[in-house]
Amino acid sequence: MSARSADWYKDAVIYEVRVRSFFDANDDGKGDLRGLTSKLDYLKDLGVTALWLLPICPSPMRDDGYDISDYRNVHPDVGTLEDFRIMLDAAHERGMRVIMELVLNHTSDQHPWFQRARSAQRGHPDRDWYVWSDDPKRYKGARVVFKDFEKSNWTWDEQAGAHYWHRFYHHQPDLNFDHPTVREAMLAVVDHWFGLGVDGLRLDAVPYLYEREGTDCENLPETHEFLRQLRARVDALWPGRMLLAEANQWPEDAVKYFGKGDECHMAFHFPLMPRLFMAMRLEERRPITEILARTPDIPTNCQWALFLRNHDELTLEMVTADERDYLWKEYAKDPQARLNMGIRRRLAPLLDNDRRRIELMSSLLFSLPGTPVLYYGDEIGMGDDLNLGDRNGVRTPMQWTPGPNAGFSSVDASKLLLPLVGDPAYHWQTVNVSVQHANESSLLHWTRRLLHLRARHPAFGRGSTVFVDAGTYHALAFVREHEGDRVLVVCNLSRYTRPLTLDLARWKGAVPVELFGRVKFPPIKGGGYPLTLGPRGFCWFALETA
Ligand code: NOJ
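Residues numbered from 1 in each chain as written. Predicted model: local features only at pLDDT ≥ 70, side-chain atom pairs only at ≥ 80, totals over all residues. Heavy atoms only, no water.

At their nearest, the axes of helix 9 (residues 272-282) and helix 11 (residues 321-331) sit 11 Å apart, and the two run at 65° to each other. Considering the relative orientation of helix 9 and helix 11, their crossing is left-handed. Here Pro274, Arg275, Phe277, Met278, Met280, Arg281 and Leu282 of helix 9 lie close against helix 11, whose contacting residues are Glu323, Tyr326, Leu327, Glu330 and Tyr331. Within the contact of helix 9 with helix 11, the residues separate by chemical class into eight nonpolar, no polar and four charged. (Axes fitted to C-alpha atoms, helices over the stretch in contact; angles between N-to-C directions. Helix = DSSP H or I, 4+ residues; strand = E, 2+ residues; numbered from the N terminus. Left-handed = near helix turned anticlockwise from the far one by under 90°. Contact = heavy atoms within 4.5 Å. Nonpolar A, V, L, I, M, F, W, Y, C, P; charged D, E, K, R; others polar.)

Okay, here's the thing in structure tokens:
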């Protein structure tokens, strides 16, 4: 692998992959690490520079592996530690980084730590690895996250004779971060994976590490103190590795996960995501510009992670109650699509499989300030399956070919871990990699071109952002600039063709060159630069010196 540039994550294009659903190399119906390794060339060709692997550790799989029972190993379903090493080497050889999950807030109730804790005497240090109480009314300021499944954050444990604390499913007891040995154990897990050569860790559910009475038990100062310790250790022992915070929080709380550049390197921008969908539906830019205006500046060594969809429901926690009702009404007309505080659908179905809207949304994902995270299958416009429980409908097997099992596995179809998407509008026989590969006009080819264009302009990953008035609230325009590399992005969010007048006075003399076709546009002479964009059209221009 080439020399590690310390802030590689700023130029990255991250691909979120569920290993179990990607490619099955041993024909047992479940995707595996060897399968992923065999598909790295596909990802490299697409323009992906980093993989984010959904959980692969041993687990009873009651929350898709976010319920870990052994932090240092690989679930036999997906392979062995040796398979993991081989995949990692193969990714590095191709210049791709690998980001793993660090599920630090909770374990499975099957983890030996919990088994030991529940049978330990009160007062014994083993017991204190988890959070116990006789009174299930403690910490009542904390919300229940999985509200469709759990009524309380406490569950009674017969063996321990006490209630234990859990922010997610009842079979995922929270670790007690007040216990120094727990913190040390988690730091040892970090050393284990970084020691194997992993490039980044996504800190799952990081706002919930500590509990304090009288608070909502989120974003507590103690959590940030722990993150500073973690970061100091990473800087000392693992320079060039990255920590990514999964903190589903308002901008002012989310930025705290960067600290002063001494906590996480990256954090997901949760509030921006639903507002992209809102802007699409309202056909106006305000939801986007307002949330970005409300987002404080971040330390120079830090970066937002942007996403449209992921393996969870499209969360609507970071919008107001009115906005949530609006988004539910517009995007989840079928009540089956609603889950907890969100919508369990993939990108293409959310956008009515409208190619223009998919391209417009992708153009925003890949041009707004931050590092884009692409969810597997969205590059070919995969559909989903609302008949599957929980979030499984957005986790179905990757569709590779029109052949048996969509080329995902050679097992008998009844043995697939999840059924393929059979909805006629998204059927795997037509929506798949090989069919799209053969068609230059496919979404796959378009996405690939977009990523390759993006890669030529460091301004996308690193640049400053200046919003440009376009004469109408239906348009969003901005200039990204980094060390002389300047890119102008213009989007027409409306369903109709619109004449725009861009205030580009600041860039007088520059020549906009459209990136897809390298077509030169008239030079910028002053303030009002006219441009007409078709329905939901967008343009990326390099602003070159004449
Ligand atoms: C966030 C993960 O994205 C989600 O899939 C999981 O269920 C919860 N954390 C609990 O680990």
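Having seen the model, we can carry on.
What follows deals with the environment of glycine 123. Position of glycine 123 among the secondary structure elements: in the loop between helix 5 (112-119) and strand 4 (132-133). You can call glycine 123 exposed: its relative accessible area is 65%. Through-space distance from the C-alpha of glycine 123 to that of alanine 91 is 47 Å; in sequence the pair is 32 residues apart. (Buried < 20%, exposed > 50% of the residue type's maximum accessible area, 1.4 Å probe, protein only.)

Every residue near the ligand is listed here: Asp63, Tyr66, His106, Phe146, Phe168, Arg202, Asp204, Glu246, His311, Asp312, Arg391 and Arg395. One nitrogen or oxygen atom from the side chain of aspartate 204 is found 2.8 Å from an oxygen atom belonging to the ligand. Taking aspartate 312, its side chain carries an N or O atom lying 2.5 Å from an oxygen atom of the ligand. Protein contacts shield 97% of the accessible area of the ligand, which totals 300 Å² for the unbound molecule. Looking at side-chain class alone, the shell around the ligand contains three nonpolar, two polar and seven charged residues. (Near = heavy atom within 4 Å. Polar contact = N/O pair within 3.5 Å; in protein donor to acceptor, adjacent residues only side chain to side chain. Areas by Shrake-Rupley, 256 points an atom, 1.4 Å probe, with all protein chains shown as cover.)

With that settled, the discussion passes to the domain arrangement of the chain. For the chain, the domain assignment lists domain 1 (8-104 + 179-454), domain 2 (112-165) and domain 3 (463-545). Domain 1 and domain 2 are separated by 29 Å when their C-alpha centres are compared. Tallying the contact residues gives 23 residues for domain 1 and 18 residues for domain 2. Our count for the contact surface shared by domain 1 and domain 2 stands at two salt bridges. Linking arginine 143 and glutamate 317 is a salt bridge whose minimum nitrogen-to-oxygen distance equals 2.4 Å. At the junction of domain 1 and domain 2, the tally comes to eight residue pairs in polar contact (both at pLDDT 80 or more). Looking at the side of domain 1 that touches domain 2 element by element, the count peaks at four residues for helix 6 (residues 180-196). Across the side of domain 1 that touches domain 2, the residue classes tally to eight nonpolar, six polar and nine charged. (Domains from an automatic or database assignment. Salt bridge = Lys/Arg side-chain N within 4 Å of Asp/Glu carboxyl O.)

With that settled, consider the nonpolar core. Core analysis: the biggest nonpolar cluster contains 163 residues, and Tyr15, Tyr42, Leu51, Leu53, Phe84, Trp193 and Phe277 have the highest contact counts within it. When residues in this core are grouped by element, the largest group, nine residues, is from helix 6. When residues no more than four places from it in sequence are discounted, the contact partners of phenylalanine 277 are Leu308, Arg309, Leu314, Leu327, Tyr331, Leu347, Leu350, Leu351 and Met361. Ranked by size, the runner-up nonpolar core spans 19 residues in total, among them Ala470, Ala475, Ala477 and Leu543. (Core = buried A, V, L, I, M, F, W, Y, C linked by side-chain atoms within 4.5 Å.)

What the three strands build is an open sheet, ordered 4-6-5; its pairing is antiparallel. Only two strands of the sheet have a single partner each, and these edge strands are strand 4 and strand 5 (154-157). Pairing of strand 4 with strand 6 (residues 162-165), which is carried by two bridges, proceeds in the antiparallel orientation. Across the sheet, residue serine 133 finds its bridge partner in strand 6, namely histidine 163. (Pairing = 2+ DSSP bridges.)

Pairing is antiparallel across the open sheet formed by six strands, whose spatial order is 15-16-17-22-19-20. The open sheet terminates on both sides in strands that have one partner only, identified here as strand 15 (464-467) and strand 20 (519-520). Across four bridges, the pairing between strand 15 and strand 16 (residues 475-482) is antiparallel. Bridging across to strand 16, serine 464 finds its partner in glutamate 481.

For the rest of this paragraph, the subject is the side chain of arginine 324. Inspection of the secondary structure assignment puts arginine 324 in helix 11. Aspartate 325 provides the closest opposite charge to the buried, salt-bridge-free arginine 324, at an N-O distance of 6.3 Å. Polar contacts involving the side chain of arginine 324 include one to the main-chain carbonyl oxygen of leucine 316, which spans 2.9 Å. (Lys, Arg positive; Asp, Glu negative; His and termini not counted.)

Here we come to the pattern of salt bridges. All told, the structure shown has 44 salt bridges when counted by the stated rule. Residue glutamate 263 pairs with arginine 228 through a salt bridge whose shortest N-O separation is 3.1 Å. Of this pair, glutamate 263 sits in the loop between helix 8 (251-254) and strand 9 (266-268) while arginine 228 sits in helix 7 (residues 221-237), and the two are 35 residues apart along the sequence. Take arginine 228: its relative accessible area is 32%, and that puts it in the partly exposed class. Arginine 391 serves as the salt-bridge partner of aspartate 312, at 2.9 Å between the closest nitrogen and oxygen. Residue aspartate 312 is found in the loop between strand 10 (303-307) and strand 11 (314-315), and its partner arginine 391 is found in the loop between strand 14 (371-375) and helix 14 (433-437); the two are separated by 79 residues along the sequence. For aspartate 312, a relative accessible area of 16% gives the class buried.

Turning next to the pairing of strand 14. Buried residues dominate strand 14, accounting for five of its five residues. When strand 1 (residues 14-17) meets strand 14, the two strands line up parallel, connected through three bridges. Pairing of glutamate 16 across the sheet is with tyrosine 375, part of strand 14. Across three bridges, strand 10 lies against strand 14 in parallel orientation. Counted as the bridge partner of phenylalanine 307 is valine 373 from strand 14.

A complete count under the given rule lists 37 aromatic pairs for this structure. Ring centres 6.1 Å apart and planes at 15° place the aromatic pair tyrosine 139 and tryptophan 154 in the stacked group. Of this pair, tyrosine 139 sits in the loop between strand 4 and strand 5 while tryptophan 154 sits in strand 5, and the two are 15 residues apart along the sequence. Exposure class is identical for tyrosine 139 and tryptophan 154. Each is buried. Taking 6.5 Å as the distance between ring centres and 15° as the angle between the ring planes, the aromatic pair formed by tryptophan 446 and phenylalanine 516 counts as stacked. One end of the pair, tryptophan 446, is in helix 15 (residues 443-455); the other, phenylalanine 516, is in the loop between strand 19 (510-514) and strand 20, and 70 residues separate them in sequence. For tryptophan 446, a relative accessible area of 7% gives the class buried. Phenylalanine 516 gets classed as partly exposed once you look at its relative accessible area, which sits at 32%. The structure contains a cluster of three or more aromatic residues connected by ring pairs, namely Tyr15, Phe22, Phe23, Tyr42, Tyr375, Tyr376 and Trp400. Sitting over the face of the ring of tryptophan 400, lysine 39 holds its NZ or CZ atom 4.1 Å from the ring centroid. (Phe/Tyr/Trp six-rings, centres within 6.5 Å; stacked < 30°, edge-to-face > 60°. Lys NZ or Arg CZ within 6 Å of the ring centre and 35° of its normal.)

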